[in-house]
Amino acid sequence: MLSIVEKDFGTPAPRPARLWKNVGMRSGGDVDVAAKLVTLTIDGREISVSEGTSVMRAAALNDINIPKLCATETLDAFGSCRLCLVQIDGVRGYPASCTTPVAPGMKVTTQNAKLAELRLGVMELYISDHPLDCLTCPANGHCELQDMAGAVGLREVRYGYDGDNHVYAKQGGEANPRFVAKDESNPYFTFDPSKCIVCSRCVRACDEQQGTLALTIQGRGFDSKVSASQAEDFLDSECVSCGACVQACPTATLSEKSLISMGQAEHSITTTCAYCGVGCSFRAEMKGEEVVRMVPNKDGHANHGHSCVKGRFAIGYATHTDRIYKPMIRAKITDPWREVSWEEAIGYAASEFKRIQAKYGRDSIGGITSSRCTNEETYLVQKLVRAGFGNNNVDTCARVCHSPTGYGLKQTLGESAGTQNFDSVMQADVIMVIGANPTDGHPVFASQMKRRLREGAKLIVADPRRIDLVRTPHIEAQQHLKLRPGTNVALINSLAHVIVTEGLVKEDFVRERCEIESFDKWRHFVGDALHSPEAMEAVTGVPAAQVRAAARLYATGGNGAIYYGLGVTEHSQGSTMVMGIANLAMATGNIGREGVGVNPLRGQNNVQGSCDMGSFPHEFPGYRHVSDNAARDLLENAWGVNLLNEPGLRIPNMFEAALDGEFLGLYIEGEDIAQSDPNTQHVTAALTAMECIIVQDLFLNESAKFAHVFLPGSSFLEKDGTFTNAERRISPVRKVMKPKSGYADWEITQLLSNAMGYPMHYTHPSEIMDEIAALTPTFTGVSFARLDELGSIQWPCNEQHPEGTPTMHIDEFVRGKGRFMVTEYVPTSEKVNAKFPLILTTGRILSQYNVGAQTRRTENVTWHSEDRLELHPSDAETRGIKDGDWCGIASRAGETVLRASVTERVQPGVVYTTFHFPESGANVITTDNSDWATNCPEYKVTAVEVTRVSQPSEWQKRYREFSERQQELLEARDAADAR
Amino acid sequence: MKARRIIPIQPEPGSALPPDERAAVRAAIAANKQRAGALLPVLHGVQDALGYVPKDAVALVAYELNLSRAEVHGVVTFYHYFREHKPGRHVVQLCRAEACQAVGAVALEAHAKRSLGVDFHGTTADGAVTLEPVYCLGNCALGPSVMVGEKLQGRVTPQRFDKLLAQARATA
Ligand code: SF4
Ligand code: SF4
Ligand code: SF4
Ligand code: FES
Ligand code: FES
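Residue indices follow the written sequence of each chain, beginning from 1 at its first position. Here chains are named by letter from A upward and ligands by number from 1 upward, in the order in which they appear as written. Confidence filtering applies because this is a predicted model: local features only for residues at pLDDT of at least 70, side-chain atom pairs given and counted only at 80 or more, and all residues used for totals across whole chains, interfaces and linings. To get the side-chain values, take all heavy atoms of the structure and skip hydrogens and water.

## Side note on the overall build of chain A
Secondary structure elements are defined from DSSP: runs of H or I of at least 4 residues count as helices, runs of E of at least 2 residues count as strands, and each element is numbered from the N terminus. A tally of regular secondary structure across chain A gives 31 helices and 38 strands. Each radius of gyration reported is based on C-alpha atoms, and the globular scaling rule is 2.2 Å times the count of residues to the power 0.38. Expected size for 979 residues packed as a compact globule is a radius of gyration near 30 Å; at 29 Å, chain A falls within 12% of this value. Projected onto its principal axes, the C-alpha coordinates of chain A cover approximately 90 × 80 × 65 Å. Pairs of residues are marked as contacts when any of their non-hydrogen atoms sit within 4.5 Å. Pairs at least 24 residues apart make up 73% of the contacts formed inside chain A by residues separated by at least 6 positions. Using a 1.4 Å probe, accessible areas were evaluated by the Shrake-Rupley method; residue-level cover was limited to the displayed protein chains. Total accessible area computed for chain A in this model is approximately 32600 Å², and 51% of it derives from carbon and sulfur atoms.

Below is the structure:
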């Protein structure tokens, strides 16, 4: 079922208009400035539309609504239902308006007696094989079939209802062989074939929009029916539960279970998904303060009406029973929790922080912001730390994922952000994916990328593991550079070597746009035979011929676009690799226009935003260094305090300082460092050493088990604000229900700040955004009002770019001239040896998100209920490990136990796991190694040994005991409450 | 709730096929993979070798041709020619086209179904005979026409039908 508030124009806007910057599927910007206009007459009205528009869409844009069933705006016209027939002067017969493009001077009639008769005939046929239980049907109130029956004036069905049908389980007392029972296997939606009209919208949605091709029409003629894979349950089929088919279905055949149980929503509020860095726009369809369903917004600039299983369905955590709604405090982490009033909790927190500062000095406390919080919340936390705590001890979880991106891109291009919008991929000719797994990590963007690949763009994948994108229906990478983990820089240097030595450099671009000195130095460096693919083959494990072919393809295949993820950044040479990527793009002129660029795929929803908002200890909002006097003056004036000009502590430094007894108070908002940061045992030791930890979160997460103050936070449904996605797009987050704990997160920070003695008086997050805009040059044009107007904005947004900036570095780089950086390959100190002969690398999976605090509390566990260790059959065999066996994984840092998945997806010598479940302890084994420039941990390379075991590791036992104890302390709170 | 699974690790496609059938499917793929529109020739190859297109062959064919299982399933079920189940030792095709219908094919059809105890596309319980409809065998002047295995028979009355089948059953 489509959104309850969107009008369906039947067919997509013609392609060029769709690609135009910041245009959703259907927004008023339908008229493409560049496209030719065509003028025609429909029902006597003169109408002008872009060339390539269908007659159906042209009519709908002018509020002439032609009946239709098989057409919907997100899919290409199909022309099967014959309900949208029209008459066109001078054309024989009755063409389908959905498949007929407009032509100059065309005269179209959409309603007359003959057309009415034809349409009635079509409807009669449909309804003769359809149940008549409209009143009790979940689609009632928003069913297209019902609407069309109304529109054509269906009053009776001449064929009767007793014929052959798919509707009734029994016919004449016998089982009806055509009847197929309802499939309820998917946790989020049902498939009831008795209501299907075989319009194939679901099949086409899965093909065109999602690109999974999990559905088909089985059989032919009257036997045709929708089949998931080979007539299986949806859950067993190839379906990845993105929900596109459910949205496309015009009947109740495919329906959300939440809709079935709750009924139609009565209003809808546009907001932004709080999961990954794609930042999909959604319409929260509401019944009062309850969410009926989340429907992807067709006008969403990042997702154009598409979604994935997380954003579309996995919101159950927001009302999960584990959520805590009352503030709690305790003096020691071995004490039971005590529920208290907000005043008491905030007062206690502030007094503890003041006591610690008085005793151990100003720098003994700090804060950690989260990439899951809104821009406004993040901004407030860093402001609280800088202005309220009086130090720069603020860091963010982006430290552990994309800090090298910020550093590397700033050094080379001059701005710490990706260069394109997502739509740019539709103009790419060669797509290079490095260390990213878009189909799992960034599914909606992956669908768009797959669409482009099906259109013929070429694909290069550099990844140790055979990710799905390497080979998936209708898509096959031209080159899969299966490198050894930890050798990224060696690989990028050898790619560069080929480009430099085979004369593939775009000389004129480099001469005009880049610092020529730096280029010469770089050319000389990578040109050295040391870096040739042949020389590097022993290091990377990638055959030289493949590297050469990939380099040639990227440099000469037309528009070359690079997309990369944490497989690039989470290494000891993460920053070097980011610079290496930028070098490659500059040398081949693949930057500064649509279809090219360097694009980090951000993990969490607001990684970009939390970095933009000054969450790093060395940078104010807008990436201005704390030693930048002009920026500091500006902020000091606005905030009315003196600010330090020295960087504060990074997360790892905080831990060190804690263990040294110098850092004792920490305010953590929406982040779970005890699970997500590497070397868990080291982290927990540091947390245990602190005197006051304040955790603000939805759940008693892993870190909260070490906390003294728990402040119950609000979910993204309970507050206003903005998120900034991987393409620098700022999108609105809207409050659809009031905060369940009483306060939105920004209010809690404000309370704490006031109690600490630094006054804050915001009455709405829009005021925080106004302050950000006033103080940050790249944000000056951003405001809530402007966001409402435009839908979303890609920063920089200021006088020069009043509507934002989809593509950066167009005429010149942000830093002026692009700078090439020499990228020496330095092998990581984390080396395999006889004791730890395997390399462990980590990643994630479609249905789960990050530490899993949210998705583990939804039905998404149906797909992934535990983390597993993938290992190659040859490694498994030598260790006597079979699929499903428990195996111990030991590294220099620690030991854990997981079940094995034996698969050729990973190469021999490499093992792989995800980190979605805390008890898996994936980060017990990861080490303290980190990026030389930014301290981003080296999650992707850990030397390990794997053995078959029969019981959990020591750490897991301790973890279990500790967790059980903490759970008891939490329940003790409940008892106190009941008294 | 249903058994929980972990999506990304899927079993080797076609691993449930017996080795000889798997080899036959692989051969059909190898022989046709390079052709444009390889799917139909591959499916014909599979049916020629095995007499039908097993469910697990669909997975293997899909994997090798880089299609989804759904797509291949759609094609297999679209053409009546492809069989999804192992046919009986004898395939009996009964003509349902006009000329034969005019000379008693309707009655023959009813008789055939009754005496074999199966519907079209069905296989007798003993696995001996599969009944298939066909539309014109090019033998119109001598209808009703029936193919028993590779052999075309004309003027088939119900009695002759039973006799032909008894003979066929006796041969294997
Ligand atoms: S939910 Fe998505 S993947 Fe699953 S069948 Fe529907 S469109 Fe395809
Ligand atoms: S399930 Fe819905 S979308 Fe799919 S064919 Fe049936 S009616 Fe159309
Ligand atoms: S998780 Fe990412 S891809 Fe999925 S709906 Fe949310 S923003 Fe979109
Ligand atoms: S809507 Fe045009 S043919 Fe179905
Ligand atoms: S009609 Fe039966 S053989 Fe031609």
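Read on for the rest.
## Some details on the site of ligand 3
All names here are of chain A. Here, proximity means that at least one heavy atom of the residue falls within 4 Å of the molecule or strand. Around ligand 3, the neighbouring residues are Cys273, Tyr275, Cys276, Val278, Gly279, Cys280, Phe282, Cys308, Lys310, Gly311, Pro443 and Val444. When residues of the shell around ligand 3 are traced back to their parent elements, those giving at least two are helix 8 (309-313) and helix 13 (443-454). Charged residues are taken to be Asp, Glu, Lys and Arg, nonpolar residues to be Ala, Val, Leu, Ile, Met, Phe, Trp, Tyr, Cys and Pro, and polar residues to be all remaining types, Gly included. Partitioning the shell around ligand 3 into residue classes produces nine nonpolar, two polar and one charged.

## Describing the packing of aromatic side chains
Residues and elements named next belong to chain A. Only Phe, Tyr and Trp rings are paired, with Trp represented by its six-membered ring, and only when their centres lie within 6.5 Å; those with planes under 30 degrees apart are stacked, over 60 edge-to-face, the remainder tilted. Here the structure, examined in full by the defined rule, presents 18 aromatic pairs over all chains. When the ring of Tyr188 is compared with that of Phe313, the centres are 4.9 Å apart and the planes differ by 5°; the resulting orientation is stacked. Of the two residues, Tyr188 sits in the loop between strand 6 (174-175) and strand 7 (189-191) while Phe313 sits in helix 8, which places them 125 residues apart along the sequence. Taken together, the aromatic side chains of Tyr188, Phe189, Phe191, Phe234 and Phe313 make up a single cluster linked through ring pairs. One Lys or Arg, Arg513, reaches over the ring of Phe813 and ends 4.6 Å from the middle of that ring. Criterion for a charge above a ring: Lys NZ or Arg CZ within 6 Å of the ring centre, and within 35 degrees of the ring normal. Directly above the ring of Phe699 sits Arg857, whose terminal nitrogen or CZ lies 3.8 Å from the centroid.

## Notes on a nonpolar patch on the surface
The patches described consist of residues with a relative accessible area above 30% and no salt bridge, like charges being joined within 9 Å and nonpolar side chains (Val, Leu, Ile, Met, Phe, Trp, Tyr) within 5 Å. Salt bridge, as used here, is a side-chain nitrogen of Lys or Arg placed within 4 Å of a carboxyl oxygen of Asp or Glu. Together, B:Leu40, B:Phe78, B:Tyr79 and B:Tyr81 make up an exposed nonpolar region whose accessible area comes to about 350 Å². Inspection of the secondary structure puts B:Phe78 in helix 4 (residues 69-78).

## As for the domain arrangement of chain A
Residues and elements named next belong to chain A. In this entry, domain limits derive from an automatic or database-based domain assignment. Domain assignment breaks chain A into domain 1 (17-160), domain 2 (174-319), domain 3 (340-400 + 606-766), domain 4 (403-600) and domain 5 (838-926 + 949-962). Facing the 11 residues of domain 3 at the interface are 12 residues of domain 4. As used here, buried area is the combined drop in accessible area, with a 1.4 Å probe, of two parts when they are placed together. Interface area, domain 3 with domain 4, both sides summed: about 930 Å², of which 43% is carbon and sulfur. For domain 3, the biggest contributors to the area lost against domain 4 are Tyr623, Glu727 and Arg728; these three give 50% of the whole. Any N or O atom pair separated by 3.5 Å or less is treated as a polar contact, with the protein-specific requirement of one donor-capable and one acceptor-capable atom, and with residues adjacent in sequence counted only for side-chain atom pairs. Inspection of the region where domain 3 meets domain 4 yields five residue pairs in polar contact (both at pLDDT 80 or more). When grouped by side-chain class, the residues that make up the side of domain 3 that touches domain 4 number five nonpolar, two polar and four charged.

## Quick notes on the environment of A:Gly150
Residue and element names in this part refer to chain A. Locating Gly150 in the fold gives a position in helix 4 (residues 144-152). Between buried and exposed lies partly exposed: a residue is buried under 20% and exposed over 50% of the maximum accessible area for its type, with that area taken using a 1.4 Å probe on protein chains only. The partly exposed category is assigned to Gly150, whose relative accessible area is 49%. Along the sequence, Gly150 and Gly408 sit 258 residues apart, while their C-alpha atoms lie 60 Å from each other.

## Concerning the site of ligand 2
Taken together, 13 residues sit near ligand 2, with A:Cys196, A:Cys199, A:Ser200, A:Cys202 and A:Cys249 positioned nearest. Here the shell around ligand 2 is built from residues that sort into nine nonpolar, three polar and one charged.

## As for the interface of chain A and chain B
Interfaces are often sized by the accessible area lost when the parts come together. Taken together, the 40 residues of chain A in the interface contact 26 residues of chain B. Between chain A and chain B, a total of about 2900 Å² is buried, with carbon and sulfur atoms accounting for 50% of that surface. Area buried by chain A at its contact with chain B is led by A:Arg220, A:Gln230 and A:Arg471, which between them contribute 26% of it. Note that B:Arg69 and A:Glu232 form a salt bridge whose closest N and O atoms lie 2.5 Å from each other. In this assembly, chain A and chain B are joined by 16 residue pairs in polar contact (both at pLDDT 80 or more). Elements with a contribution of two residues or more to the side of chain A that touches chain B: strand 8 (215-218), strand 20 (471-472), strand 21 (475-476) and strand 34 (868-871) of chain A. When its residues are assigned to classes, the side of chain A that touches chain B shows 12 nonpolar, 16 polar and 12 charged.

## Considering helix 10 (residues 375-389) of chain A
Over its 15 residues, helix 10 of chain A runs 20 Å from end to end, which matches the ideal 21 Å to within 8%, given 1.5 Å per residue. Where burial is concerned, most of helix 10 of chain A is hidden: 15 out of the 15 residues are buried. Multiplying one less than the number of residues by 1.5 Å gives the expected span of a helix.

## Focus on the sheet that holds strand 22 (residues 479-481) of chain A
Residues and elements named next belong to chain A. A pair of strands is labelled paired if DSSP reports no fewer than 2 bridges between them. Pairing is parallel in the open sheet, where five strands are placed in the order 22-19-18-23-24. Since the sheet does not close on itself, it has two edges, and those belong to strand 22 and strand 24 (597-600), each with one partner. Strand-to-strand twist in this sheet, taken as the mean axis angle between neighbours without regard to direction, amounts to 15°. Angles run from 0 to 180 degrees between N-to-C directions of axes, and those axes are lines fitted to C-alpha atoms, restricted for helices to the stretch in contact. Against the sheet, helix 20 (residues 574-587) engages strand 18 (430-434), strand 23 (560-564) and strand 24, with an angle of about 170° to strand 23.

## Focus on the pattern of salt bridges
Residue and element names in this part refer to chain A. In the structure shown here, the tally under the stated rule is 57 salt bridges over all chains. Between Lys195 and Asp133 there is a salt bridge, with its nearest N and O atoms 3.0 Å apart. Residue Lys195 is found in the loop between strand 7 and helix 5 (201-210), and its partner Asp133 is found in the loop between helix 3 (113-128) and helix 4; the two are separated by 62 residues along the sequence. The exposure class of Lys195 is buried, given its relative accessible area of 6%. Overall, Asp133 belongs to the partly exposed group, its relative accessible area being 31%.

## Considering the nonpolar core
All names here are of chain A. Working definition of a nonpolar core: buried Ala, Val, Leu, Ile, Met, Phe, Trp, Tyr and Cys residues. They are joined through side-chain atoms within 4.5 Å. Core analysis: the largest hydrophobic core is formed by 70 residues, its most contacted members being Phe234, Leu254, Ile431, Met449, Leu459 and Phe716. With four residues, helix 13 is the largest single contributor of residues to this core. If we ignore the near neighbours within four places in the chain, the residues touching Leu459 are Ile431, Val433, Leu453, Leu469, Ile475, Ala477, Gln478 and Gln479. With 58 residues, the next largest nonpolar core counts Trp342, Met760, Tyr762 and Phe784 among its residues.

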